[in-house]
Amino acid sequence: MYHLFKGLHTYLTRKDEYSVVIIGLDNAGKTTMLEKIKTLYNPTPGMPPDKIGPTVGQNIGKISLPSTTMHFFDLGGQRDIRSIWPRYYDECHAVVFVLDASDQARLSETWEVFDEVLNSPRLLNLPLLLLANKQDKDTSLTVAEVRESHDAWQRARPERAPVPDSPQSHTIDLPDEDKAQRMASLDVLGVSALEGTGVREAVDWLYIRVQNSRQVDDSTF
Ligand SMILES: Nc1nc2c(ncn2[C@@H]2O[C@H](COP(=O)(O)OP(=O)(O)OP(=O)(O)O)[C@@H](O)[C@H]2O)c(=O)[nH]1
Ligand SMILES: [Mg+2]
């Protein structure tokens, strides 16, 4: 009987653990976003924006939500560091791609990198959230404009040679219709990591999506 109650107690009080990777170009605001999430959800505030420098490697953070612990891995976005991203894909439960909506000069580079993420076989069935950051700036594209920018880039893009689908390759070239479908069903949220606007909505989105993919493990009974 003791074991039955202990098992029940463990089941009722357990916390599911989920990992979320935060990726995107350098300067997009990923670390600012992570630190804002920590400030909003943890008793100890995250690092203030003026103390944040470019990320070389990763930053980690953890927040506690009802019956859930969410671990965040904020990865460096500089060109040379992007090659570490796929190492995290197997272990994560959701992906956040942050873009700087005020930096129109880098949109084409952003979409090239984002396209590789969309083409990653290991991410195909994972929740993917696109954050149009820096909405506090007048010059930033709105969510609708971000979508239009992606569509325009997709249409204007030269035909690419097919990427070989080998076990070593990180991407497969999905048919354009599949990508258009994935993009159309993709959620894009406007946020300001600096001011915190939209950050709770983004965390709620992640919480709901990872909960939906929860596999109830009855092995504790
Ligand atoms: N105005 C504004 N600036 C922001 C916002 N988020 C980040 N920034 C600024 O953008 C710059 C880059 O922010 P980071 O958080 O370091 O960017 P990152 O994506 O982590 O960059 P890497 O670590 O190099 O990949 C900093 O000057 C931030 O203060 C935002 O929502 N609004
Ligand atoms: Mg960073």
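None of the values given here were measured: they were computed from a predicted structure.

A few points about the packing of aromatic side chains
Right, on to step 1. The tally for this structure, following the rule as stated, stands at three aromatic pairs.
Right, on to step 2. Ring centres of F73 and Y88 lie 5.9 Å apart, and the angle between their planes is 50 degrees; on these two criteria the pair is classed as tilted. Taken together, the residues F73 in strand 3 (residues 68–75) and Y88 in helix 3 (residues 86–89) connect sequence positions 15 residues apart.
Right, on to step 3. Accessibility expressed as a relative area gives 22% for F73, which makes it partly exposed.
Right, on to step 4. Their ring planes at 70 degrees and their centres at 5.8 Å tell us that W111 and F114 sit as a pair that is edge-to-face. Of this pair, W111 and F114 both sit in helix 4 (residues 107–118), three residues apart, roughly one helical turn. Neither W111 nor F114 differs from the other in exposure class; each is buried.
Right, on to step 5. An aromatic cluster of at least three residues, connected via ring pairs, comprises F97, W111 and F114.
Right, on to step 6. Directly above the aromatic system of Y41 lies the positively charged group of R200, at a separation of 5.0 Å from the ring centroid.

Side note on the sheet that holds strand 2 (residues 58–65)
Right, on to step 1. Taken in spatial order, the six strands make up an open sheet running 2-3-1-4-5-6, and their pairing is mixed. Of all strands in the sheet, those bounded by a partner on one side alone are strand 2 and strand 6 (187–190). The mean angle between the axes of side-by-side strands here comes to 25 degrees, regardless of whether they run parallel or antiparallel.
Right, on to step 2. Pairing of strand 1 (residues 16–23) with strand 3, which is carried by seven bridges, proceeds in the parallel orientation. Note that in strand 3 the partner of D16 across the bridge is T68.
Right, on to step 3. Sitting on the sheet, helix 2 (residues 30–41) touches strand 1, strand 2, strand 3, strand 4 (94–100) and strand 5 (128–133), and the angle it makes with strand 2 is about 30 degrees.

Description of the coordination of the magnesium ion (ligand 2)
Right, on to step 1. Coordination of the magnesium ion (ligand 2) by the protein comes from T31 (OG1) and T55 (OG1), over a distance range of 2.0 Å. In this pair, T31 sits in helix 2 while T55 sits in the loop between helix 2 and strand 2, placing the two residues 24 residues apart along the sequence.
Right, on to step 2. The class for T55 is buried, based on a relative accessible area of 10%.

What to know about the pattern of salt bridges
Opposite charge on two side chains permits pairing when their charged atoms draw close.
Right, on to step 1. Here the structure, examined in full by the defined rule, presents eleven salt bridges.
Right, on to step 2. Its salt-bridge partner being R106, residue D26 comes within 2.9 Å of it at the nearest N-O pair. A residue pair is termed long-range when its members are at least 10 positions apart, and D26 in the loop between strand 1 and helix 2 and R106 in the loop between strand 4 and helix 4 qualify at 80 residues.
Right, on to step 3. Under the relative-accessibility criterion, D26 is labelled partly exposed at 23%.
Right, on to step 4. For D187, the salt bridge is made with R209, and the minimal N-O distance between the two is 3.5 Å. Within this pair, whereas D187 is found in strand 6, its partner R209 is found in helix 7 (residues 199–212), the two being separated by 22 residues in sequence.
Right, on to step 5. The exposure class of D187 is partly exposed, given its relative accessible area of 29%.
Right, on to step 6. Relative accessible area serves as the criterion here: at 31%, R209 is assigned to the partly exposed category.

Examining the packing of helix 2 against helix 7
Right, on to step 1. Where helix 2 meets helix 7, the axes come as close as 10 Å, and the angle between the chain directions of the two elements is 85 degrees. The angle between helix 2 and helix 7 falls in the class roughly perpendicular. In this structure, helix 2 contributes M33, K36, I37, L40 and Y41 to the contact, and helix 7 contributes V199, R200, V203 and D204.
Right, on to step 2. Looking at the contact of helix 2 with helix 7, its residues break down into six nonpolar, no polar and three charged.

What about the side chain of S102?
Right, on to step 1. Structurally, the position occupied by S102 is in the loop between strand 4 and helix 4.
Right, on to step 2. Reaching out from S102, the side chain makes a polar contact with the side chain of K137 at a distance of 3.3 Å.

What counts and what doesn't
- Residues numbered from 1 in each chain as written.
- Chains lettered and ligands numbered in written order.
- Predicted model: local features only at pLDDT ≥ 70, side-chain atom pairs only at ≥ 80, totals over all residues.
- Heavy atoms only, no water.
- Phe/Tyr/Trp six-rings, centres within 6.5 Å; stacked < 30°, edge-to-face > 60°.
- Helix = DSSP H or I, 4+ residues; strand = E, 2+ residues; numbered from the N terminus.
- Buried < 20%, exposed > 50% of the residue type's maximum accessible area, 1.4 Å probe, protein only.
- Lys NZ or Arg CZ within 6 Å of the ring centre and 35° of its normal.
- Pairing = 2+ DSSP bridges.
- Axes fitted to C-alpha atoms, helices over the stretch in contact; angles between N-to-C directions.
- Contact = heavy atoms within 4.5 Å.
- Donors = N, O, S within 2.8 Å, 3.2 Å for Na, K, Ca; no water.
- Salt bridge = Lys/Arg side-chain N within 4 Å of Asp/Glu carboxyl O.
- Parallel < 35°, antiparallel > 145°, perpendicular 65-115°, else oblique.
- Nonpolar A, V, L, I, M, F, W, Y, C, P; charged D, E, K, R; others polar.
- Polar contact = N/O pair within 3.5 Å; in protein donor to acceptor, adjacent residues only side chain to side chain.

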